[in-house]
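Letter by letter, the chains look like this.
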Amino acid sequence: MIKVSVCMITYNHEKYIKQAIESILMQKTNFDFELIISNDNSNDTTHKIILDLLEEHIDSKKIKYLHNKKNLGMMPNFIQAIQNCKGEYIALCEGDDYWTDHEKLQKQVDFLDTNKNFAICFHPVNIDYQNEIIEDNITKKVKNHTSIYDLASGNYIHTCSVLYRNNLYNSFPEYFYSTPVGDYFLHLLNAQYGDIYRLEETMGNYRIHDTSYWSSKKQNEREAIWIEFLKNIKTSFPKKIQKIIDKQIKTHQPKKVSWFKKTRRAFKDIFFQKIQLSNLRKKYNLIIVDDILPSTLSPWRNLEYNELIKNFDNSIIYTDTSTYVSYSQGKTFNENLNSLEKLYPFIKNKIKKLKRTSNMNCNLFYTIFYNNINKHFDFLEANKIPFAFTLYPGGGFVINNEEIDERLKKIFSSKFFKGVIVNQYITKEYLLKKRLIDPEKIKLIFGVPISIEKTSTKIEKPTEKINILFFANKYTKNGEDKGFDDFQLIAKELISKSTNYNFIVIGNFNYNDLKINDLQNHFDFKGILDKKLFNEELKKTHIIISPNKPFKIAKGSFDGFPLATCISASIYENVLILSDYFNEAEKINLIDGVDFIKFDSNINKVVNEIEALKTDPEKMNTIALNGKNKLLNLYDFNNQIIPRINFIKNILN
């Protein structure tokens, strides 16, 4: 008997459908489940990709594939898929979203099986925005136990997170067949028959892209659609629920504006036009645009911005704050700004929020990361603004992605493009191999700008036990992209050999991320630390292990080498144990076994290396100092900041 039917609708999802399907088929359960895919006559290669998976995937027998010969439309296609679901429960995952936990279904079924008074079980998700995984800033956070009375105030359930009981009612309301918003309507219908429970774990990713039905629409369009939608669905519910929906409608309706306010607004518009005209006469030398400022959690970028502002008069920093919430530490904008200005005095009074009235007239526009240049490029091109940027790993940049390659080629071909900095050999080699850029316009500055505190005195480390550090932020289930699974395996083997090890974890990990029994007593989770506390911790640790893996967050994604956290650890005389998938170390003369230890996924080899260091403290100290001296030179101010200043200076000159 089928326990769960997973309902997946798809239309023109050729870039995403394979990942969506595979994330379903990877589920590990003690029950049978099926995947119902309903393809609404896609006119791209979605159909072929699904057929290939049906032929090749080991678990393809779980799939029931419905291929419409004619386009039915979103809701008829969705209803068709639902009507083919035979399971006791139904889970939803659209063809451009995906799950990240192979036990997601099992956990949700276990809950609903033992809690009969609940009709719906869901969980948090992350947002996949152009291959960058960020925290959900779309839905509001709610308590674990809610009901239809909470849900009627506004949707907080992402489609790819929900599991609900099947066959709660015999038929859909008439409006369901033409509604522009199917998931929220469905959740409300189901919530009439039981309560709603929110699991704590994040087990899926909701993807935002330009072709998705909802996220591709402008805000005012979404508001108008939503108001009309709420008005139409409320009659399907009892009067108590209708009243709550009415309140929600009021929150989305545009406020009535008096004649006086309209007149004042008209004068303001004229005033702003005058400002913009005057701005044409005021020209900045350099405009820097960022997305997470004024957060203090990215010291390497803040250092660069501080030095650029210091060296270029008549410059300004704008922040569009698009990812600021994820890095705000729960503080207000002004609280973060005050902290940042104390740390970096030259940016004081230089950071402003980017608005439609912001003066963008400048000799050069500069930003970092692919996502930032991508979102501002069309504006820069239309307004003929010269621009340059730094292309770091991450931030939406992945390799072997046709869409991103084409976009970069267009950006690099613009007559207003003045140059790009890359900080990894692999990035430069890739851009040149793909012939995306004129070689004259690419500047390799290996590494990142990092503030290094040089100390002449030797750091005295604890001698009772060996403290081994893991530091990363978790973007995937259990931190697999950062190698937290391998770190646990290493810890398990070391503990079996000796009790003289402690394992320190810094970042947004906790004890729930430990998947190996008996490790809890040996692990100390510190959480997210500011720079001062982080440096204090580094003085007490002996080894940092960074077994990060490429292509885990998304196809073609990779981290830089070495990570900034590892550089800081090395300066505080920690031995570096690092993965190096693209062999960057040999290009910067960092020698395996002399300056660092290379991790190549061989757990036993690393365990033996660490055991050898434990019995030979002098060797441990030598490798730590060798690595420190190499990185002190590589990340010296003259090798990181000065080349970046000169890069901008040469463009402006």
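Residues numbered from 1 in each chain as written. Predicted model: local features only at pLDDT ≥ 70, side-chain atom pairs only at ≥ 80, totals over all residues. Heavy atoms only, no water.

### Points about the overall build of the chain
Move 1: On a plain count of helices and strands, the chain comes out with 20 helices and 25 strands.
Move 2: Taking 653 residues into account, the globule formula puts the C-alpha radius of gyration at 26 Å, and the chain, at 27 Å, falls close to it.
Move 3: Principal axes of the C-alpha set define a box for the chain whose edges measure 75 × 70 × 45 Å.
Move 4: For the chain, the residues scored as buried account for 53% of the 653 residues in total.
Move 5: Put simply, of all contacts in the chain between residues at least 6 apart along the chain, 76% involve residues at least 24 apart. (Helix = DSSP H or I, 4+ residues; strand = E, 2+ residues; numbered from the N terminus. Rg over C-alpha atoms; globule rule 2.2 N^0.38 Å. Buried < 20%, exposed > 50% of the residue type's maximum accessible area, 1.4 Å probe, protein only. Contact = heavy atoms within 4.5 Å.)

### Regarding unusual backbone geometry
Move 1: The peptide bond linking Leu-293 to Pro-294 adopts the cis configuration, its omega dihedral lying at 10°.
Move 2: Considering the arrangement of structural elements, one finds Pro-294 in the loop between strand 13 (284-290) and helix 10 (299-311).
Move 3: Across the junction of Phe-561 and Pro-562, the peptide omega takes the value -20°, indicating a cis bond.
Move 4: Here Pro-562 shows up in the loop between strand 23 (543-546) and helix 17 (564-571).
Move 5: Even without a glycine there, the phi angle at Asn-314 is positive, about 55°.
Move 6: By the secondary structure assignment, Asn-314 is in the loop between helix 10 and strand 14 (315-319).
Move 7: We classify Asn-314 as partly exposed; its relative accessible area is 37%.

### Topic: the sheet that holds strand 5 (residues 98-99)
Move 1: Here we have four strands laid out as an open sheet, ordered 5-12-7-8, and mixed in their pairing. Pairing within the sheet leaves two strands with one partner each, and these edge strands are strand 5 and strand 8 (132-135).
Move 2: Looking at chain direction, strand 7 (residues 126-129) and strand 12 (residues 204-208) are connected through four bridges and run parallel. Paired with Ile-127 across the bridge in strand 12 is Tyr-206. (Pairing = 2+ DSSP bridges.)

### Here's the deal with the sheet that holds strand 22 (residues 523-527)
Move 1: Taken in spatial order, the six strands make up an open sheet running 22-21-20-23-24-25, and their pairing is parallel. The sheet is open, and its two edges are formed by strand 22 and strand 25 (597-599), each paired on a single side. Shown here is a sheet whose adjacent strand axes are inclined to one another by a mean of 25°, direction ignored.
Move 2: Note: strand 20 (residues 466-471) against strand 23, two bridges, orientation parallel. What sits directly across from Leu-469, in strand 23, is Ile-544.
Move 3: On top of the sheet, helix 18 (residues 603-615) reaches strand 20, strand 21 (501-506), strand 23, strand 24 (575-579) and strand 25; it is set at about 155° to strand 25, its chief contact.
Move 4: Of the strands in this sheet, strand 20, strand 23 and strand 24 are in contact with helix 19 (residues 617-634), which crosses strand 24 at around 70°. (Axes fitted to C-alpha atoms, helices over the stretch in contact; angles between N-to-C directions.)

### Remarks on the packing of aromatic side chains
By convention here, two paired aromatic rings are described through the distance between centres and the angle between planes.
Move 1: Applying the stated criterion across every chain yields a total of 42 aromatic pairs.
Move 2: The interplanar angle of 65° and the centroid separation of 5.1 Å between the aromatic rings of Phe-111 and Phe-118 together place this pair among those described as edge-to-face. This pair shows no difference in class: Phe-111 is buried, exactly as Phe-118 is.
Move 3: The interplanar angle of 85° and the centroid separation of 6.4 Å between the aromatic rings of Phe-484 and Phe-523 together place this pair among those described as edge-to-face. Of the two residues, Phe-484 is situated in helix 15 (residues 484-497) and Phe-523 in strand 22; the sequence distance between them amounts to 39 residues.
Move 4: Its relative accessible area of 4% is what places Phe-523 among the buried residues. (Phe/Tyr/Trp six-rings, centres within 6.5 Å; stacked < 30°, edge-to-face > 60°.)

### Focus on helix 14 (residues 425-433)
For an α-helix the count is 3.6 residues per turn, leaving residues at separations of three or four pointing the same way.
Move 1: Taken as a whole, helix 14 has its buried residues at Ile-426, Thr-427, Tyr-430 and Leu-431. Buried residues along helix 14 cover an arc of 125° about the axis, so they all sit on one side.
Move 2: Looking at the buried positions of helix 14, the neighbouring elements they touch are strand 17 (387-391), helix 13 (402-413), strand 18 (417-422) and strand 19 (442-444).
Move 3: Just downstream of helix 14, Arg-435 is the residue with a positive phi angle, here 55°. (Arc of directions from axis to C-beta.)

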